[in-house]
Amino acid sequence: MKKFNLFKEIIVTDKKELLEALNSDKTFGLRVDGSVCYEPFGVRDALVFSGIVQTKNSLEEAFGKNYQVVEDEERVLVKAFSNWQEIIGFNKARATYDDTTADGVDEFATKEMEKIGWHATEFNISYRTLVEVLEQECGGTLLCIEYEEPYRFSGLGFVDDLDEARDVLFAFCKKEIERLIATDDDFKKENLSDDEQEAAEFFGVAL
């Protein structure tokens, strides 16, 4: 997955396409890659702006005070990090996972992925571990605010292919559980609890 840190990144969009959206009286979104889209938004749409624009006197007024907007001939440059809390709000329902709270990731957006996460915890495979697997092995966007000093992170993950993500997580968990059963005394076959046995069977691990 590609990390898109709003604290550092500038969104570059086509001025003509943006003005058409502003004047359309439709709910539109501006993606991280600068492209414009309209409702209904999809699971891949990591948006830095979403709404129907009421004020059309200028681009600055249209976006609002939490955006920095610069017109550069046929392009418009947008900095959006100051609007992070609102950006979380209009993206959260579509995100594959939410890593914006102090509690970290505790669920996935799809039932299939959530089943994987729930069963994996029986073998102490955390949601954080599974998220790291997704970010390393799957295509998509990690839309985030990340400060280095002092370190602070808040992000939403958007996986491009949810079926692929499910398969990647399943394969990872199966391999990891097989390793634990073979090498970790706490997870020897004869020591497994009923819940651990159920989890192993869910991942197709031979017992």
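Bear in mind that the values here come from a model prediction, so they are computed numbers and not experimental data.

A.B. asks: Looking at this structure, I do not really get the pairing of strand β10 (residues 152–159). What am I missing?
C.D. replies: Sheet faces and side chains relate simply in a regular strand, where the side chains alternate between the two faces. The buried fraction of β10 amounts to six of the eight residues, a majority that puts the element mostly inside the structure. Of the pairings in the sheet, the one linking strand β8 (residues 97–99) to β10 comprises three bridges and is antiparallel in character. From the neighbouring strand, Asp98 faces β10, where its bridge partner is Leu156. Relative to β10, strand β9 (residues 140–147) runs antiparallel, the two being bridged by eight bridges. Its bridge partner being in β10, Cys144 is matched across the sheet by Gly155.

A.B. asks: What's the story with the layout of surface pockets in this structure? I'm lost.
C.D. replies: In this approach the atoms are scanned with a rolling probe the size of a water molecule, which exposes any empty space left behind. Of the voids in this model, the largest pocket is the one considered here, and its volume is about 200 Å³. Lining the largest pocket we find Lys92, Ala95, Thr96, Tyr97, Asp98, Thr101, Asp103, Gly104, Asp106, Glu107, Phe108 and Ala109. When grouped by side-chain class, the residues that make up the lining of the largest pocket number four nonpolar, three polar and five charged.

A.B. asks: What is the right way to read the packing of helix α4 (residues 111–120) against helix α5 (residues 127–137) from this model?
C.D. replies: Two numbers describe how α4 lies on α5: the axes approach to 10 Å, and their chain directions differ by 130°. With respect to each other, α4 and α5 are oriented oblique. For the pair α4 and α5, the contacting residues are Met113, Glu114, Gly117, Trp118 and Ala120 in the first and Tyr127, Leu130 and Leu134 in the second. Its residues placed into classes, the contact of α4 with α5 shows six nonpolar, one polar and one charged.

A.B. asks: I keep staring at the sheet that holds strand β4 (residues 36–38) and nothing clicks. Help me out?
C.D. replies: Sheet strands pair by backbone hydrogen bonding; their relative direction is either parallel or antiparallel. Taken in spatial order, the three strands line up as β4-β3-β5 in an open sheet, and their pairing is antiparallel. Strands at the two margins of the open sheet, each flanked by one partner only, are β4 and β5 (47–51). Neighbouring strand axes in the sheet, compared pairwise and without regard to direction, differ in orientation by 20° on average. For strand β3 (residues 28–31) and β5, the ladder comprises four bridges, and the chain directions are antiparallel. When the bridges of β5 are listed, Leu30 appears paired with Phe49. Sheet strands touched by helix α1 (residues 15–22): β3 and β4. Its angle to β4, the strand with the most contacts, is close to 25°.

A.B. asks: Any chance you could explain the nonpolar core here in plain terms?
C.D. replies: Where a protein is soluble and globular, its nonpolar side chains tend to be buried together. Core analysis: the largest hydrophobic core is formed by 30 residues, its most contacted members being Leu6, Ile11, Phe28, Leu30, Phe63, Tyr67 and Leu143. Counting residues per element, the ones that place at least two in this core are α1, β3, β5, α2 (59–63), β7 (75–79), α3 (84–91), β9 and β10. Aside from chain neighbours lying at most four places away, what touches Leu143 is Phe4, Leu6, Val32, Ala46, Leu47, Trp84, Ile87, Asn91, Ser154, Gly155, Leu156 and Phe158. With 29 residues, the next largest nonpolar core counts Met113, Leu169, Leu180 and Phe203 among its residues.

A.B. asks: I would appreciate a short explanation of α5 in the present structure.
C.D. replies: Each full turn of the α-helix corresponds to 3.6 residues, which orients residues three or four apart in the same direction. Turning to α5, its buried residues are Tyr127, Leu130, Val131, Val133 and Leu134. Considered in projection along α5, the buried side chains sweep an arc of 155° and stay on one side of the axis. Check the buried side of α5 and you find it contacts β8, α4, β10 and α6 (162–183).

About the thresholds
The numbering scheme is per chain: residues are counted from 1 as the chain's sequence reads. pLDDT decides what is reported in this predicted model: residues at 70 or higher carry local features, side-chain atom pairs at 80 or more are listed and counted, and totals for whole chains, interfaces and linings draw on all residues regardless. For side-chain calculations, the full set of non-hydrogen atoms in the structure is used, while hydrogens and water are omitted. Here's how the labels work: a residue is buried when its accessible area is under 20% of the maximum for its type, exposed when over 50%, partly exposed in between, all with a 1.4 Å probe on protein chains only. By the criteria applied, helices consist of DSSP H or I runs no shorter than four residues and strands consist of E runs no shorter than two, each listed in order from the N terminus. Here, any two strands with at least 2 DSSP bridges between them count as paired. Grid points spaced at 1 Å and placed over the protein atoms alone form the basis of the search, with a cavity being a set where a 1.4 Å probe fits but cannot get out and a pocket an open set showing protein on both sides within 12 Å along at least five of seven lines. Lining residues have an atom within 4 Å of a point. Grid points are joined across faces, edges and corners, and a volume is the space filled by probe spheres set on the points. As a working rule, the residues Ala, Val, Leu, Ile, Met, Phe, Trp, Tyr, Cys and Pro are called nonpolar, Asp, Glu, Lys and Arg charged, and the rest polar, with Gly in that last group. The convention used is that axes are lines fitted to C-alpha atoms, helices contributing only their stretch in contact, and that angles between N-to-C directions extend from 0 to 180 degrees. Angle categories are assigned with fixed cut-offs, so that under 35 degrees is roughly parallel, over 145 is roughly antiparallel, 65 to 115 is roughly perpendicular, and the rest are oblique. What makes two residues a contact is simply this: any of their non-hydrogen atoms within 4.5 Å. In these notes, a set of buried Ala, Val, Leu, Ile, Met, Phe, Trp, Tyr and Cys residues joined through side-chain atoms within 4.5 Å is what counts as a nonpolar core. Read the arc as the range of directions from the helix axis to the C-beta atoms.

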